[in-house]
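Chain residues, written in single-letter form:
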Amino acid sequence: EDPKLLEAFEARVAADEFIEPKDWMPEAYRRTLTRQISQHAHSEIVGMLPEGNWITRAPSLRRKAILLAKVQDEAGHGLYLYCAAETLGTSRDQMIEALHSGKAKYSTIFNYPTLTWADIGAIGWLVDGAAIMNQVPLQRTSYGPYARAMVRVCKEESFHQRQGYEIMIAMANGTAEQKRMAQDALNRWWWPSLMMFGPPDADSPNTAQSMRWRIKRETNDELRQKFVDITVPQADFLGLTVPDADLKWNEEKGGYDFGEVDWEEFYSVVRGEGPVAKERMEARRKAWEDGAWVRDAAAAHEAKRRERKAA
Ligand code: 3HC
């Protein structure tokens, strides 16, 4: 690539300017953004499955309406993000094909089963809580379409997190059995939520370049630490115990010290060996096939509309 163009690009990024679709950008910038944004979109769409599993079994009409709204929001987040990724020159079909073939990743967190209603609370509280931690800085990511998509996503994510935490408050203050379910959900969702932030910075092949090109504004470990520091007091307020014997407030650091994530588990789930990974991919492939007629009909309608307009 022309070193002068690269220099001008890096100066723009360093000046916190947004890079727009028609601007010159290094191929590596285009590639890593297509990778991250499309995988972010895949995560939103696959993320509908764990919660969708409980819409018909929500304990009240109010809870059902809230969960329905949240799952629909996630679909919208996925579509915003696919559109943002398409501005970099990759088609929707190519991205979907990469997901179905296993070439593209989606967040490990969605490969865990939702066993009880308390999981819906834990997901809103912890998973959307972690998502907020990760997505707030992404509102200032250097690629314009991605940053703008994040502004709307973050507003909706706050509602997702609040409604989950409200479920946890209701259950932690409910019957002994409900409190036990809430603790069980925290036990199963705590560590997978920490894995959402990615591997340790020292083992992260993309972080250095992403920080340099201001795709990332904070590193995996920085965001993970912030998440722990904000969430532990919330667990204390619920009267629940975070499943980490090494968790301890460190006055000097002004944050919590916490135990080591099970990176073996992380990498095995990234490789597609998560507890319900197979079911998730089957569900996505089936949804894509079942929806083919809708895409064909929309395409045929568009073709007729164009013909009429041209006539
Ligand atoms: N699950 C699956 N893959 C993961 C992962 C996870 N939890 N964490 C890291 N990885 C993958 C990365 O994608 C990368 O593989 P790749 O090069 O083939 O893409 C590899 O592990 C090494 O990780 P890096 O830290 O080097 O990769 P990144 O710099 O891309 O950092 C990330 C990973 C922090 C997830 C970053 O990609 C990111 O911020 N993505 C945007 C946010 C996102 O995707 N969030 C996922 C949850 S979706 C969500 O929150 C929905 C909400 O509604 C619940």
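Quick notes on the rules
Residues numbered from 1 in each chain as written. Predicted model: local features only at pLDDT ≥ 70, side-chain atom pairs only at ≥ 80, totals over all residues. Heavy atoms only, no water. Phe/Tyr/Trp six-rings, centres within 6.5 Å; stacked < 30°, edge-to-face > 60°. Buried < 20%, exposed > 50% of the residue type's maximum accessible area, 1.4 Å probe, protein only. Lys NZ or Arg CZ within 6 Å of the ring centre and 35° of its normal. Near = heavy atom within 4 Å. Areas by Shrake-Rupley, 256 points an atom, 1.4 Å probe, with all protein chains shown as cover. Helix = DSSP H or I, 4+ residues; strand = E, 2+ residues; numbered from the N terminus. Nonpolar A, V, L, I, M, F, W, Y, C, P; charged D, E, K, R; others polar. Core = buried A, V, L, I, M, F, W, Y, C linked by side-chain atoms within 4.5 Å. Contact = heavy atoms within 4.5 Å. Polar contact = N/O pair within 3.5 Å; in protein donor to acceptor, adjacent residues only side chain to side chain. pLDDT = per-residue confidence, 0-100.

Peer 1: Quick question: what am I supposed to make of the packing of aromatic side chains here?
Peer 2: Any two aromatic rings considered together are summarised by their centre-to-centre distance and by the angle between their planes. Enumeration according to the criterion identifies 13 aromatic pairs in this entry. Aromatic side chains Trp249 and Tyr256 sit 5.0 Å apart centroid to centroid with 80 degrees between the ring planes, which places their arrangement in the edge-to-face category. Judged by relative accessible area, which is 41%, Trp249 ranks as partly exposed. Members of the aromatic cluster, connected to one another through ring pairs, are Phe9, Trp24, Tyr29, Tyr143 and Trp213. It is Arg57 that lies over the ring of Trp54; its NZ or CZ is 4.0 Å from the centre. A cation sits over an aromatic face here: Arg295 above Trp288, 3.5 Å from the ring centre.

Peer 1: What is the right way to read the site of the ligand from this model?
Peer 2: Taken together, 31 residues are adjacent to the ligand, and Arg35, Glu74, Lys105, Lys216 and Asn220 come closest. Considering the ligand on its own, with 1000 Å² of exposed area, one finds that the protein chains cover 90% of that surface. Broken down by secondary-structure element, the contributors of at least two residues to the shell around the ligand are α2 (27-46), α6 (117-138), α7 (144-172) and α11 (263-273). Partitioned by chemical class, the residues of the shell around the ligand number 13 nonpolar, 11 polar and 7 charged.

Peer 1: Please explain the nonpolar core as it appears in this structure.
Peer 2: Generally speaking, a soluble globular protein has its nonpolar side chains buried in company with each other. If you look at the biggest cluster of nonpolar residues, it comprises 51 residues, and the most contacted ones within it are Trp117, Trp125, Leu126, Trp189, Trp190 and Phe227. Elements with a minimum of two residues in this core: α4 (61-86), α6, α7, α8 (176-195), α10 (220-238), α11 and α12 (277-290). Considering every element that reaches this core, the biggest residue donor is α6, with 10 residues. With near-sequence residues (within four places) excluded, Trp189 lies in contact with Ile109, Tyr112, Pro113, Thr114, Asp119, Ala122, Ile123, Leu126 and Val127. In terms of nonpolar packing, the next biggest core, distinct from the first, is built from 24 residues, Val13, Met95, Tyr143 and Trp213 among them.

Peer 1: Got a minute to help me understand unusual backbone geometry in this structure?
Peer 2: For residues other than glycine, phi is negative in most cases, and the peptide bonds are mostly trans. Positive phi, close to 60 degrees, is recorded for Asp16, a residue that is not glycine. Positive phi, normally seen in glycine, also occurs at Arg214, with a value near 55 degrees. Its location among the elements puts Arg214 in the loop between α9 (207-212) and α10. For Arg214, a relative accessible area of 26% corresponds to the partly exposed category.

Peer 1: Explain the side chain of Gln225 here, please?
Peer 2: Locating Gln225 in the fold gives a position in helix α10. With residues up to four places along the chain from it excluded, the contact list for Gln225 reads Lys253, Gly255, Tyr256 and Phe258.

Peer 1: Whenever I open this one, the environment of Ala130 confuses me. Can you help?
Peer 2: Its location among the elements puts Ala130 in helix α6. Between the C-alpha atoms of Ala130 and Leu194, which are 64 residues apart in sequence, the distance is 7.7 Å. Those residues within four positions of Ala130 in sequence are excluded, and the remaining contacts are Ser193, Met196, Phe197 and Phe227.

Peer 1: Mind showing me how you'd approach the side chain of Thr114 here?
Peer 2: Mapped onto the fold, Thr114 is located in the loop between α5 (92-100) and α6. The class for Thr114 is buried, based on a relative accessible area of 7%. A polar contact is formed between the side chain of Thr114 and the backbone oxygen of Pro50, at a distance of 3.0 Å. In terms of polar contacts, Thr114 uses its side chain to reach the side chain of Asn53, at 2.9 Å. Ignoring any residue separated from it by four or fewer positions in sequence, one finds Thr114 in contact with Pro50, Asn53, Trp54, Asp119, Ile120, Ile123 and Trp189.

Peer 1: Would you mind showing me how to read the confidence of the model for the chain here?
Peer 2: Reading predicted coordinates in detail is not appropriate for stretches of low pLDDT. Scored by pLDDT, the chain comes out at a mean of 97, with 100% of its residues at no less than 70. Interface confidence for the predicted complex, expressed as ipTM, amounts to 0.98; the pTM equals 0.97.

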